[in-house]
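# What the coordinates show
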Amino acid sequence: EDQVTQSPEALRLQEGESSSLNCSYTVSGLRGLFWYRQDPGKGPEFLFTLYSAGEEKEKERLKATLTKKESFLHITAPKPEDSATYLCAVGGGSYIPTFGRGTSLIVHP
Amino acid sequence: ETGVTQTPRHLVMGMTNKKSLKCEQHLGHNAMYWYKQSAKKPLELMFVYNFKEQTENNSVPSRFSPECPNSSHLFLHLHTLQPEDSALYLCASSQDADSPLHFGNGTRLTVT
C-alpha cells in the first residue's frame, strides 16, 4: 500500500526565514511525485512534478527535490503570500494518487 | 481561471434533500475525479472516470452517485446525506495516470 507522510504538520516562519517541508513516501514503482499548494477555500494548485531521484524543480522562492525515499520543498526567503497548505502526492501508475495530510505554512510579516 | 469549474461553490441541504454537484473541465483531459476533503484528513478519493468509464469506486456510500456523460463533464448526485458528509467536495482532471491533477475550487457542502 502506498503511503505518504508529511512533516511538520504546521510551520510558522518569519518573513525571510528559509525552511524546508518534508514528504516521505513508500510506493511500489514511483511514476511521479507531485507538490500542490492549497489556499483556504480553494482547490489545490499544482506546483511541481518530480519523476526520478536527483531531480530538482524551481519556481520563484520554491525548490523541490527528490530522493528514493523523500522529497523536500525548500522555501527561500518566504513572504506572507507564501502562506498556504502544501500537499504532497505520489503516483504509482494507476489513477489513484496517494496524498499526504499536508503542511500548513504561515509566514509572519 | 483554473480550467476546472465547479458549481455551486456553496450548498446547504437537509438530510432528505436531493441535489447535484457539477464539474466541467476545459483542459481536454481524459480522466476526471471526485475527492472529499474534511478537516484534518488527507484528500479522500471517491470516484475516478477514465474516458467516461468509471474505473474506481472507493467504497463510497450509495447516497453518492456519480455521472460522467462525456469527458468534459462530471456530476455528483446527492440524496439522503448525513451530517458527517459535510465537507469540501473537489473535482479534478488529469491527462493520464502519470500526470498531475488539476483541481476546481470545490463545493462547500453543509448537511443540516
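Residues numbered from 1 in each chain as written. Chains lettered and ligands numbered in written order. Predicted model: local features only at pLDDT ≥ 70, side-chain atom pairs only at ≥ 80, totals over all residues. Heavy atoms only, no water.

### A few points about the interface of chain A and chain B
It is common to give the size of an interface as the accessible area that goes away when the parts come together. Tallying the contact residues gives 21 residues for chain A and 25 residues for chain B. Across the chain A/chain B interface, buried area totals approximately 1,900 Å², and carbon plus sulfur atoms make up 57% of it. Linking chain A with chain B are 1 salt bridge. Its salt-bridge partner being Asp98 of chain B, residue Arg31 of chain A comes within 2.8 Å of it at the nearest N-O pair. Taken together, the connections running from chain A to chain B amount to 5 residue pairs in polar contact (both at pLDDT 80 or more). Sorting the residues of the side of chain A that touches chain B by element identifies β4 (32–38) and β5 (45–50) of chain A as the ones contributing at least two each. It is β4 of chain A that provides the largest number of residues to the side of chain A that touches chain B, a total of 3 residues. Of the residues in the side of chain A that touches chain B, the class split is 10 nonpolar, 7 polar and 4 charged. (Contact = heavy atoms within 4.5 Å. Buried area = accessible area lost by both parts, 1.4 Å probe. Salt bridge = Lys/Arg side-chain N within 4 Å of Asp/Glu carboxyl O. Polar contact = N/O pair within 3.5 Å; in protein donor to acceptor, adjacent residues only side chain to side chain. Helix = DSSP H or I, 4+ residues; strand = E, 2+ residues; numbered from the N terminus. Nonpolar A, V, L, I, M, F, W, Y, C, P; charged D, E, K, R; others polar.)

### Some thoughts on the pattern of salt bridges
Across all of its chains, the model carries 6 salt bridges over all chains by this definition. A salt bridge links Glu56 of chain A to Lys63 of chain A, with the shortest nitrogen-to-oxygen separation between them at 3.3 Å. Owing to a relative accessible area of 28%, Lys63 of chain A belongs among the partly exposed residues under this scheme. Close ionic contact of Asp85 of chain B with Arg63 of chain B constitutes a salt bridge, the shortest N to O distance being 2.7 Å. Taken together, the positions of Asp85 of chain B in the loop between β8 (73–79) and β9 (87–94) and Arg63 of chain B in the loop between β6 (53–57) and β7 (64–70) put the pair 22 residues apart, joining distant regions of the chain. (Buried < 20%, exposed > 50% of the residue type's maximum accessible area, 1.4 Å probe, protein only.)

### Brief notes about the packing of aromatic side chains
The geometry of an aromatic ring pair is captured by the separation of the ring centres together with the interplanar angle, meaning the angle of the planes. Here the structure, examined in full by the defined rule, presents 8 aromatic pairs over all chains. An angle of 55° between the planes, with centres 5.8 Å apart, marks the rings of Tyr35 of chain B and Phe103 of chain B as tilted. Of this pair, Tyr35 of chain B sits in strand β4 (residues 31–37) while Phe103 of chain B sits in strand β10 (residues 102–103), placing them 68 residues apart in sequence. For Phe103 of chain B, a relative accessible area of 4% translates into the label buried. Members of the aromatic cluster, connected to one another through ring pairs, are Tyr36, Phe46 and Phe99 of chain A together with Tyr33, Tyr35 and Phe103 of chain B. (Phe/Tyr/Trp six-rings, centres within 6.5 Å; stacked < 30°, edge-to-face > 60°.)

### Notes on the state of the cysteines
Residues and elements named next belong to chain A. Evaluated as defined, the whole model comprises 2 disulfides over all chains. Residue pairing for Cys23: its cysteine sulfur links by disulfide to Cys88, the two sulfurs lying 1.9 Å apart. When the S-S torsion is -65°, as for the bridge of Cys23 with Cys88, the disulfide is left-handed. Here Cys88 lies in strand β9 (residues 84–91) and Cys23 lies in strand β3 (residues 19–26), a separation of 65 residues in the sequence. Here Cys23 matches Cys88 in class, with each residue buried. (Disulfide = S-S within 2.5 Å.)

### Brief notes about the environment of Gly32 of chain A
All names here are of chain A. Within the secondary structure, Gly32 is located in strand β4. On a C-alpha basis, the gap between Gly32 and Leu13 in space is 29 Å, while along the polypeptide they are 19 residues apart. The contact partners of Gly32, leaving out residues within four places of it in the chain, are Leu50, Tyr51, Ala89, Val90 and Gly91.

### Observations concerning unusual backbone geometry
Leave glycine aside and you will find that most residues have negative phi; peptide bonds, for their part, are mostly trans. For the bond from Ser7 of chain A to Pro8 of chain A, the omega torsion is -10°, close enough to zero to count as cis. The residue after Thr7 of chain B, namely Pro8 of chain B, is reached through a cis peptide bond having omega -5°. Even without being glycine, Ala77 of chain A reaches a positive phi, approximately 45°. By the secondary structure assignment, Ala77 of chain A is in the loop between β8 (70–75) and β9.

### Details of the environment of Ala92 of chain B
All names here are of chain B. Here Ala92 lies in strand β9. Each C-alpha atom, one on Ala92 and one on Leu74, is 9.6 Å from the other, the two residues being 18 residues apart in sequence. Excluding residues within four positions of it along the chain, Ala92 makes contact with Ala31, Met32, Tyr33, Leu101, His102 and Phe103.

### Focus on the sheet that holds strand β1 (residues 3–7) of chain A
Strands pair in a sheet through their backbones, by hydrogen bonds, and they do so in one of two ways: parallel or antiparallel. All names here are of chain A. The 5 strands are arranged β1-β3-β8-β7-β6 in an open sheet whose pairing can be described as antiparallel. A strand with exactly one partner marks an edge of an open sheet, and here the two such strands are β1 and β6 (56–59). Strand after strand, the sheet turns through a mean of 15° between neighbouring axes, direction not considered. In terms of strand pairing, strand β7 (residues 62–66) meets β8 through 5 bridges, oriented antiparallel. When the sheet's bridge partners are listed, Leu62 is paired in β8 with Ile75. (Pairing = 2+ DSSP bridges. Axes fitted to C-alpha atoms, helices over the stretch in contact; angles between N-to-C directions.)

The values reported here are purely geometric and, on their own, carry no functional implication.
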